[in-house]
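# Descriptive analysis of the structure
Read off the chains here:
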Amino acid sequence: MARANTAYYASRDPFRDFTTSPEIAQVFGELLGAWAAVVWQLMGAPAQVALVEAGPGRGTLMQDALRCVGRVAPGFAAAAKVHFIETSQRLRAEQGKRVPGAAWHDGLESLPEGPCILLANEFLDALPIRQFVRGAGGWVERFVQDGAFVEVASGGPGREAPVGSVMEVSDVARAWAGGLARRLAAHGGAALILDYGTAERSCGDSFQALRGGKPADPLLDPGSADLTAHVDFAAVACAARAAGAAVWGPVTQGAFLGSLGLWERTAALEAANPGREGELRAAAMRLAAPERMGRLFKVMCMSHPGFPAPPGFEA
Ligand code: SAH
């Protein structure tokens, strides 16, 4: 899956197959920009800070965030240097059109030392998973070989579950969260992770593919479809705490955006854009209504252990 997804992002315009929160409404990136500005204040307003985005897609979130920050927090705008973690050359070019002057990285390792504020929307779900099935005789790992599923006896996911259960483990997501947490503990800062998934560890097959905007067989024609799996936030939190960071949430995306002022900002945009009221309200509803993206999507923050509660996680 790792290689299939790298090929997919490198060769296609993924936004023909799916849409994401920043592509739905400008208010999403604006609110995350305001969040980052408050976090920078809580950090003591350092003169230099890396504003990092992992998996920035078309660069829309950062473009909207920077526009908002330039208006409401010029001190932060002057202190922040944008860094993108992106492996697709094609998407790097898209991102450069919307955010000129960014620096690009293949991973966390090459980021500069010093405090950072990191945003990651729908990044962890694109990382590879391993899938285990509980058979009558024990766990087997299920994977693809020569275009077909094979099942091989294995140690399992490190947890018991009834026969027939499917469990998914993303070693890559855990390692990434651990690496990020170590950075935050050593250099200061906070990271906001937004994705769809479960707060508690759960069973079930969530591996799925979207090809041309429609659900597809994830095993057909590798590299042609977007492959994703639900994020196991409990495992991510565990890895982050073990590496020395504080973890906040996860809370639902609906509650998080609401507490950051989604409805007030939407009302202001409606007042400023007569004739677009219905469209702006519908976009906000799509992000926050429980039956849309408001409940399935979760928001988690990791921070330096000395951090006070970041915005949206005060309760
Ligand atoms: N955050 C964006 C895009 C989400 S799609 C949005 O909300 O619209 C996932 C993004 O992660 C893409 O930019 C993809 O190229 C990038 N990506 C996927 N796997 C990656 C990896 N292993 N390392 C770095 N970037 C990766």
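Our subject is the structure that appears above.
Our subject in this report is the structure included herewith. (Residues numbered from 1 in each chain as written. Predicted model: local features only at pLDDT ≥ 70, side-chain atom pairs only at ≥ 80, totals over all residues. Heavy atoms only, no water.)

### What to know about the sheet that holds strand E11 (residues 214-216)
As a reminder of what qualifies: Any two strands with at least two DSSP-identified bridges between them are counted as paired. The numbering of helices and of strands both runs from the N terminus, where a helix is a DSSP run of H or I of at least 4 residues and a strand a run of E of at least 2. Lines are fitted to the C-alpha atoms to define the axes, a helix being fitted only along its stretch in contact, and any angle between axes, read from their N-to-C directions, falls within 0 to 180 degrees.
Read across the open sheet, the three strands follow the order E11-E10-E12; overall the sheet is antiparallel. Each having just a single partner strand, E11 and strand E12 (226-228) make up the two edges of the open sheet. Sheet twist, expressed as the mean angle between neighbouring strand axes with direction ignored, is 35 degrees. Of the strand pairs in this sheet, strand E10 (residues 208-211) and E11 are connected by three bridges, and their pairing is antiparallel. The partner of leucine 210 across the bridge, within E11, is proline 215.

### Section: the sheet that holds strand E6 (residues 138-145)
Pairing within the open sheet is antiparallel, and its four strands lie in the order E7-E6-E5-E8. Bordering the open sheet on either side are strand E7 (148-153) and strand E8 (166-169), each of which pairs with just one other strand. If you compare each strand with its neighbour and ignore which way they point, the axes differ by 35 degrees on average. Pairing of E6 with E7, which is carried by six bridges, proceeds in the antiparallel orientation. What sits directly across from glutamate 141, in E7, is valine 152.

### Thoughts on the site of the ligand
For clarity, the threshold we go by: Here, proximity means that at least one heavy atom of the residue falls within 4 Å of the molecule or strand. Computed with a 1.4 Å probe, the accessible areas rest on the Shrake-Rupley method; for each residue, only the protein chains presented here act as cover.
Thr20, Gly55, Gly57, Glu86 and Asn121 are the nearest of the 17 residues found near the ligand. Relative to its free-state accessible area of 580 Å², the ligand is covered by the protein chains to the extent of 91%.

### Focus: the pairing of strand E15 (residues 297-303)
Counted only if it meets this: Under the scheme applied here, a residue whose accessible area is under 20% of the maximum for its type counts as buried, over 50% as exposed, and between as partly exposed, the area being computed with a 1.4 Å probe on protein chains only.
When you tally the buried positions in E15, you get seven out of seven residues, the bulk of the element. Neither face of E15 is exposed, since Phe297, Val299, Cys301 and Ser303 on one face and Lys298, Met300 and Met302 on the opposite face are all buried. Bridge count for strand E9 (residues 189-198) against E15 is seven bridges, and the pairing is antiparallel. Each bridged residue has a counterpart across the sheet, and for alanine 190 the counterpart in E15 is serine 303. Two strands pair when backbone bridges link them, and strand E14 (residues 246-252) and E15 are joined in this way by five bridges, in the antiparallel orientation. Among the inter-strand pairings, threonine 252 is bridged to a residue of E15, identified as lysine 298.

### Some points on the packing of helix H3 (residues 26-42) against helix H10 (residues 262-272)
What counts here: Any angle from 65 to 115 degrees is called roughly perpendicular, while one under 35 is roughly parallel, one over 145 is roughly antiparallel, and all others are oblique. The sense of a crossing depends on the near helix, which, turned anticlockwise from the far helix by less than a right angle, makes the crossing left-handed and, turned clockwise, makes it right-handed. Should any heavy atoms of two residues lie within 4.5 Å, those residues are considered in contact. Gly is placed with the polar residues, together with every amino acid not listed as nonpolar (Ala, Val, Leu, Ile, Met, Phe, Trp, Tyr, Cys and Pro) or charged (Asp, Glu, Lys and Arg).
Put simply, H3 and H10 touch, their axes get as near as 11 Å, and they point 125 degrees apart. As far as their axial angle goes, H10 and H3 are oblique. By crossing handedness, the relation of H3 to H10 is classed as right-handed. Contact residues: Gln26, Val27, Glu30 and Leu31 in H3; Leu262, Arg265, Thr266 and Leu269 in H10. A breakdown of the residues in the contact of H3 with H10 according to their chemical character gives four nonpolar, two polar and two charged.

### Observations regarding the state of the cysteines
Each disulfide is one covalent bond, formed between the sulfur atoms of two cysteines. Formally: When two cysteine sulfur atoms are found within 2.5 Å, that pair is recorded as a disulfide.
The full count for this structure, using the stated rule, is zero disulfides. Cysteine cysteine 116 is unpaired, with the sulfur of cysteine 301 as its nearest cysteine sulfur at 11 Å. Under the relative-accessibility criterion, cysteine 301 is labelled buried at 0%.

### Side note on the environment of tryptophan 40
As for its placement among the helices and strands, tryptophan 40 is situated in helix H3. In this structure, the C-alpha to C-alpha distance between tryptophan 40 and arginine 292, residues 252 residues apart in sequence, is 31 Å. Not counting residues within four places of it along the chain, the set of residues in contact with tryptophan 40 comprises Ala45, Pro46, Val49, Gly75, Phe76, Ala79 and Ile117.

### Some details on the packing of aromatic side chains
As a reminder of what qualifies: Aromatic rings from Phe, Tyr and Trp, taking only the six-membered ring of Trp, are treated as a pair when their centres fall within 6.5 Å; an angle between ring planes under 30 degrees marks them as stacked, one over 60 as edge-to-face, and anything in between as tilted. Counting as a charge over the ring demands two things of the Lys NZ or Arg CZ atom: a distance within 6 Å of the ring centre and an angle within 35 degrees of the ring normal.
Scanning all chains against the criterion turns up five aromatic pairs. Between phenylalanine 256 and phenylalanine 313, the aromatic rings sit 5.5 Å apart at their centres with planes inclined by 45 degrees, giving tilted as the arrangement. Here the residue phenylalanine 256 occupies a position in helix H9 (residues 253-259), and phenylalanine 313 occupies one in the segment after E15, the gap between them amounting to 57 residues. Arginine 142 extends its terminal NZ or CZ atom over the ring of phenylalanine 149, reaching a point 4.8 Å from the ring centre.

### Focus: the pattern of salt bridges
A side chain with one charge can pair with a side chain of the opposite charge if their charged atoms come near. Defined as follows: By definition here, a salt bridge exists when the distance from a side-chain nitrogen of Lys or Arg to a carboxyl oxygen of Asp or Glu is within 4 Å.
For the structure shown, the criterion picks out 13 salt bridges. For arginine 67, the salt bridge is made with glutamate 30, and the minimal N-O distance between the two is 3.0 Å. One end of the pair, arginine 67, is in helix H4 (residues 60-72); the other, glutamate 30, is in helix H3, and 37 residues separate them in sequence. The class for glutamate 30 is buried, based on a relative accessible area of 2%. Between aspartate 171 and arginine 130 there is a salt bridge; the shortest N-O distance is 3.1 Å. Pair noted here: aspartate 171 is in helix H7 (residues 171-187) and arginine 130 is in strand E5 (residues 130-135), with a separation of 41 residues, a long-range link. Given the relative accessible area of 34%, arginine 130 is considered partly exposed. Residues joined in a network through salt bridges with shared partners are Glu30, Asp64, Arg67 and Arg265.

In short, geometric facts, not functional conclusions.
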